[in-house]
Amino acid sequence: MGNSIQHLAEGVTVVASAKTRIEGKAIQQLQNSFQLPGMRRVVGMPDLHPGLGHPVGAAFFSVGRLYPALIGNDIGCGMSLWRTSLDSHRLSPDKIEKRLGCIDDALGEDWRERIASLGLPETGFESSLGTIGGGNHFAELQQIDTVSCSSTLSTLGIDKKHLLLLVHSGSRGLGQKILREHLDRFQHRGFAEASDECADYLDQHAKALGFAKANRLLIAQRIFENLRCTGAPVIDAEHNFLAPAIIAGTAGWLHRKGAAPADGGPLVIPGSRGDYSYLVEPVPDEASLFSVAHGAGRKWMRGECRDRVSTRSSAQQLLRTSLGSRVVCANKHLLFEEAPEAYKAIESVIESLQDAGLIRLLARMKPVLTYKTGREESR
DNA sequence: ATGTTC
């Protein structure tokens with residue numbers, strides 16, 4: 001126990017076992033982020049990887065100043081888990097794929113009332129609601145493969161017979177607009193806690209969180225409608241967001257970028273589309289800034305995936321995974337960029353968190369079908 | 001990551 005917690009310097013910690021390889025560039029970015037004025041403590045998770053200036057898979061605690069660039073453009077991005085009324089023991093992947101169809105277009109007129117009932121403020125990005133987006137976003141049907149804690153599962157209202165839906169999406173163009181407008185004005189300097197800029201950003205940030213959560217709900221509802229089933233929410237947790245926190249007795253701001261909160265109940269930590277996902281009970285721990293990993297973490301940069309992946313697998317082969325699941329991804333770029341080989345094995349991430357005493361396993365899920373996009377070209 | 005666009 002405890003071998004997975006590495007203190008690199010005063011205030012800079014990485015949670016990763018010896019087996020979990022983390023790129024030097026990501027560590028460098030983490031250390032650079034720690035140098036920001038007011039930054040008190042940073043923690044890299046086992047899925048830490050390089051991002052745009054700042055790393056992904058980390059939590060940052062600052063006092064007196066806030067840094068929107070640390071949250072990134074996809075403010076409010078997160079994972080929501082849903083229980084469907086479909087029986088996982090009697091499923092036909094063919095039928096599911098056919099019924100699901102393409103869910104990339106904006107929701108139609110028949111959704112107007114349901115969207116209005118959510119009471120979202122106007123943002124100008126309404127046409128993105130109910131759509132998954134690109135990058136690492138997905139919707140995945142899963143079934144429970146191994147149960148570690150049946151009592152917690154029953155509290156959550158799920159068991160092996162339920163086909164589950166995991167939705168990973170965020171605030172789409174809205175979060176991007178908020179970050180861009182902020183960076184245009186303040187670059188990477190951030191701002192003081194007691195400032196008009198801060199109040200303005202926090203207001204926009206709250207809108208983006210609401211938009212992203214509504215987006216995951218609408219994606220799920222759309223999928224239930226297409227699959228002709230019903231569904232119920234089990235978990236919804238963001239991994240890109242800002243929250244007030246008290247660390248070591250001092251009030252400040254916790255920035256999470258690709259890090260899930262450990263103080264809000266059970267979480268899903270998903271592997272790549274060809275790997276298992278884990279349902280876990282996080283253990284709140286100040287030393288890890290009340291955070292855990294949000295997924296497997298990239299191993300290969302997007303740009304190098306096409307060459308590296310295509311030497312092993314054809315595009316056709318990538319539509320099926322080694323766990324027997326299928327993949328809906330008509331976009332060739334995404335098909336290669338999001339290949340299971342481009343990600344770390346989820347087991348090493350889970351083992352690192354377990355070894356650090358940060359999670360308790362509840363169940364392991366295996367993918368049935370991962371939906372990315374039905375469109376050939378989204379770029 | 002992204003209503004991006006020569």
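Caption draft 1: Structural view of the side chain of serine 291. You can see serine 291 is positioned in strand β16 (residues 291-293). Assessed through its relative accessible area of 0%, serine 291 is described here as buried. Within polar-contact distance, the side chain of serine 291 engages the backbone oxygen of leucine 289 at 2.8 Å. Setting aside anything within four residues of it in sequence, one finds serine 291 in contact with Met45, Ala59, Arg256, Ala259, Ala260, Ala262 and Leu358.

Caption draft 2: Spatial organisation of the pattern of salt bridges. Scanning all chains against the criterion turns up 19 salt bridges. Between glutamate 304 and arginine 308 there is a salt bridge whose closest N-O contact spans 3.4 Å. Linking glutamate 304 with arginine 308, this pair stays in helix α8 (residues 302-310), spanning 4 residues, or about one helical turn. Among the residues examined, arginine 308 registers a relative accessible area of 38% and is labelled partly exposed. The structure contains a network of salt bridges with shared partners spanning Arg298, Arg302, Glu337, Glu338 and Lys372.

Caption draft 3: Structural view of the packing of helix α3 (residues 93-100) against helix α7 (residues 196-227). α7 packs onto α3 with a crossing angle of 115 degrees between their chain directions and a minimal axis gap of 8 Å. Considering the relative orientation of α3 and α7, their crossing is right-handed. On α7, the residues touching Ile96, Arg99 and Leu100 of α3 are Ile223, Asn226 and Leu227. Residues belonging to the contact of α3 with α7 are distributed by class as follows: 4 nonpolar, 1 polar and 1 charged.

Caption draft 4: Here's a closer look at unusual backbone geometry. Backbone geometry places arginine 172, a non-glycine residue, at a positive phi of 50 degrees. The residue arginine 172 is located in helix α6 (residues 172-186) in this model. Judged by relative accessible area, arginine 172 falls into the partly exposed class, the value being 25%. In this model, arginine 228 sits at a positive phi of 55 degrees, which is unusual for a non-glycine residue.

Caption draft 5: Expanded view of the packing of α6 against α7. At a minimum axis separation of 8 Å, α6 and α7 run at an interaxial angle of 165 degrees. With respect to α7, the axis of α6 lies roughly antiparallel. Both α6 and α7 take part in a crossing whose hand is left-handed. Mapping the contact onto sequence places Arg172, Leu174, Ile178, Arg185 and Phe186 in α6 and Glu197, Asp200, Tyr201, Gln204, Lys207, Ala208, Phe211 and Asn215 in α7.

Quick notes on the rules
Residues numbered from 1 in each chain as written. Chains lettered and ligands numbered in written order. Predicted model: local features only at pLDDT ≥ 70, side-chain atom pairs only at ≥ 80, totals over all residues. Heavy atoms only, no water. Helix = DSSP H or I, 4+ residues; strand = E, 2+ residues; numbered from the N terminus. Buried < 20%, exposed > 50% of the residue type's maximum accessible area, 1.4 Å probe, protein only. Polar contact = N/O pair within 3.5 Å; in protein donor to acceptor, adjacent residues only side chain to side chain. Contact = heavy atoms within 4.5 Å. Salt bridge = Lys/Arg side-chain N within 4 Å of Asp/Glu carboxyl O. Axes fitted to C-alpha atoms, helices over the stretch in contact; angles between N-to-C directions. Left-handed = near helix turned anticlockwise from the far one by under 90°. Nonpolar A, V, L, I, M, F, W, Y, C, P; charged D, E, K, R; others polar. Parallel < 35°, antiparallel > 145°, perpendicular 65-115°, else oblique.

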